[in-house]
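Descriptive analysis of the structure
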Amino acid sequence: MTVLRIVYASAIELRTDEAYYWTWSKEAALSFLDHPPGIAWLIRFGTAIFGDTALGVRFGGIVAMLVTQLLLADIVRRLTHDVRAVVAAVLMPEAALYYGLLMAKVAPDVALVPFAVAMMWSLVRLAQSGDGRWWLAAGLFAGLSLLSKFTAIMFAPAVAAFLLVPDWRWRWLRSPYPYLAVLIAIAVFSPVLIWNAQHDWASFRFQGVRATANYGISLRTVGDFIGLQFGLVGFVVLPVVLLGLVMTAWRGYRRREPVAILLSTAVLVPFAYFFFKSLTLRVGDTWPMFMWPVGFAAAAVNLAMMPKDGCSARLIRSSIFWMKTALVSGIVFVVIVFLYYVAAPWNLLGKMDPVGAEAGYEQVVARAQAALDETGATWIATTDYRTYAMMRWLFRGRVPVVEINERGRFQDFRDPGMDRIKGQAGIYVGRQPDDHSPLWEQIPATHTPLGQVERRWRGVLIDTYTIDKLTGWTPELSPPKDSPLFQWRVLAGEFEKRAHA
């Protein structure tokens, strides 16, 4: 399965967000508007080994998957000493599309997953040994988790319950170790705090608007969330894991078992939150990715604990059967999806295909290069971060690329090559209908239409792009914060919310 992920990582062109995170890896910024810098560092690790290739960008995710599996195996081994449970814990990620294939697609969640599981592993070691120094390791991994993605904070209720519900609470409340762990986590997270203090707390406010957005109750968004979990965790794996979590929570809170409380709460609380948010907002496909590996550990442990809990032989046999079914059917599904993208010639989902919808940018780049050659232009302008990221990725620094709006995304980015931009003609590459945005009323550039180019994947038209020549204007890299060219508040969704209302 690891070889399968390596082949996938090498064969499939980067998606737009992956290319966007790759651009971060080329910068020296402490943090970024959208997310903390962990994913940029993970990409830099991979490209240092394999260069600026698709495998190089994604290699960190392949390593993260292996580290996650090793940690899950050790957690379950320590808690059960049952080989069957350990094997189940290792294979459940392989049976979930989220991890069996998509850990080869870089996202902040991919950087978060191994650190989050390492934090849980540290707390399991703490519970078994009683050695307070494991709090310090948990604090380190908590800080690294937050340095990867802010959603790591959703493990806080589980850690609080782990600390406060069992009978040991007064021992640890009087101990310095939990408080030192918090200080370590804050110190590790400090690059994000420093960057935000320097930039009007932009990323916290950006994510705050997204977290509090409310577009009214929608059954469609609920269906999207539930459907995504079945598809990405597994049609059989998901029910097996949820049942294991419920039984673990019942055992943990009834007996005040610290680890059972920790593992079950770490998944059930975020799951309940995302379900609640899905009533009014579309939950992103990767948002819950950080929590399910902990659920895999809980389900595997529950499998071994059922005989000790006095469960009936029939229930135990049924649980083992469904676990085996989940593993086999899930891995088969992951392999089928792999073959569809790597070997099949068809497009079965049309524009809805999550990979195909972001493929085919080579066609746009080829037309942009022809326009540069025809006009003598020296740089490329875009008006959305996806096109910007793919232009930078596919041109590999041969031509300066500037997204002329949304400049709030690019604070502390290096000079893109203004010596090649000032006083020179540029080429605008924009997806229709973005090329007719009211934004252009703010920009005194002269447009000369050069044509259009279609982006296709497996014969299906995905998008059409306008190619224009721009003259008489130089883009502004650092516009005022109230400028429509800066607009991080627009990115955060304020204007989208108004438009929806």
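One recurring pattern in soluble globular proteins is that nonpolar side chains are buried together. Grouped together as the largest cluster of nonpolar side chains are 149 residues, with contacts concentrated most on Tyr8, Tyr99, Trp135, Trp292, Phe296 and Ile380. When residues in this core are grouped by element, the largest group, 13 residues, is from helix H7 (residues 108–129). Core analysis: the second largest hydrophobic core is formed by 14 residues, Ile404, Met418, Tyr428 and Leu439 among them.

What follows concerns the sheet that holds strand S5 (residues 460–471). Read from one edge of the open sheet, five strands run S2-S1-S3-S5-S4, paired in mixed fashion. The open sheet has two edge strands with one neighbour each: strand S2 (401–403) and strand S4 (446–457). On average, each strand axis in the sheet is tilted by 25° relative to the strand beside it, whichever way the strands run. Pairing of strand S1 (residues 379–382) with strand S3 (residues 426–431), which is carried by three bridges, proceeds in the parallel orientation. Residue Ile380 lies in a different strand from S3, and its bridge partner there is Ile427. In the packing of helix H18 (residues 361–375) onto the sheet, the strands contacted are S1, S3, S4 and S5, and the crossing angle to S4 comes to about 155°.

Turning our eyes to something else, we now look at the environment of Ala299. Summarising the element assignment, Ala299 is placed in helix H16 (residues 292–305). The spatial distance from the C-alpha of Ala299 to the C-alpha of Ala197 is 41 Å, given a sequence separation of 102 residues. Excluding residues within four positions of it along the chain, Ala299 makes contact with Met92, Val240, Val241, Gly244 and Met323.

In this model, the protein chain carries an average pLDDT of 93, and 96% of its residues clear a pLDDT of 70 or more. Scored below 50 in pLDDT, residues 492–501 shows 11 contacts in the model against residues more than four places distant or in partner chains.

Attention now goes to the pattern of salt bridges. Counting across every chain of the model gives 22 salt bridges. For Arg431, the salt bridge identified is with Asp463, shortest N-O distance 3.9 Å. Of the two residues, Arg431 sits in strand S3 while Asp463 sits in strand S5, which places them 32 residues apart along the sequence. The class for Arg431 is partly exposed, based on a relative accessible area of 29%. Relative accessible area serves as the criterion here: at 18%, Asp463 is assigned to the buried category. Among the charged side chains, a network of salt bridges with common partners joins Arg251, Arg255, Glu257 and Asp309.

Moving on to H18. Taking 1.5 Å per residue as the helical rise, H18 with its 15 residues ought to reach 21 Å, and the 21 Å between its terminal C-alpha atoms agrees with that figure. Packed against the buried residues of H18 are helix H2 (16–25), S1, helix H19 (385–395), S3, S4 and S5. Backbone geometry just after H18 places Gly376 at a positive phi near 75°.

For the rest of this paragraph, the subject is the packing of helix H13 (residues 219–233) against helix H14 (residues 237–255). Between H13 and H14, the shortest axis-to-axis distance is 8 Å and the interhelical angle comes to 100°. Our classification of the angle between H13 and H14 gives roughly perpendicular. Where H13 abuts H14, its residues Gln229, Phe230 and Val233 lie against Val237, Leu238 and Pro239. Residue classes in the contact of H13 with H14 are distributed as five nonpolar, one polar and no charged.

Let us look at the environment of Val3. Tracing the backbone through its elements, the reader meets Val3 in helix H1 (residues 2–11). With relative accessibility at 60%, the residue Val3 sits in the exposed group. With 376 residues separating them in the primary sequence, Val3 and Trp379 have C-alpha atoms 39 Å apart.

Turning our eyes to something else, we now look at the side chain of Thr387. Counting through the fold element by element, Thr387 comes out in helix H19. A polar side-chain atom of Thr387 sits 2.7 Å from a polar atom in the side chain of Asp384. Excluding anything up to four places from it in sequence, Thr387 contacts Thr382, Val429 and Tyr465.

Turning next to the packing of aromatic side chains. This model, assessed by the stated rule, comprises 34 aromatic pairs. Taken together, a centroid distance of 5.0 Å and an interplanar angle of 80° make the contact between Trp22 and Trp393 edge-to-face. With Trp22 in helix H2 and Trp393 in helix H19, this residue pair connects regions lying 371 residues apart in the sequence. Residue Trp22 is classed as buried on the basis of its relative accessible area, which comes to 3%. Relative to Phe32, the ring of Trp24 has its centre 4.3 Å away and its plane inclined at 10°; by these criteria the two rings are stacked.

Reading the values: rules and limits
- Residues numbered from 1 in each chain as written.
- Predicted model: local features only at pLDDT ≥ 70, side-chain atom pairs only at ≥ 80, totals over all residues.
- Heavy atoms only, no water.
- Core = buried A, V, L, I, M, F, W, Y, C linked by side-chain atoms within 4.5 Å.
- Buried < 20%, exposed > 50% of the residue type's maximum accessible area, 1.4 Å probe, protein only.
- Helix = DSSP H or I, 4+ residues; strand = E, 2+ residues; numbered from the N terminus.
- Pairing = 2+ DSSP bridges.
- Axes fitted to C-alpha atoms, helices over the stretch in contact; angles between N-to-C directions.
- Contact = heavy atoms within 4.5 Å.
- pLDDT = per-residue confidence, 0-100.
- Salt bridge = Lys/Arg side-chain N within 4 Å of Asp/Glu carboxyl O.
- Expected span 1.5 Å × (residues − 1).
- Parallel < 35°, antiparallel > 145°, perpendicular 65-115°, else oblique.
- Nonpolar A, V, L, I, M, F, W, Y, C, P; charged D, E, K, R; others polar.
- Polar contact = N/O pair within 3.5 Å; in protein donor to acceptor, adjacent residues only side chain to side chain.
- Phe/Tyr/Trp six-rings, centres within 6.5 Å; stacked < 30°, edge-to-face > 60°.

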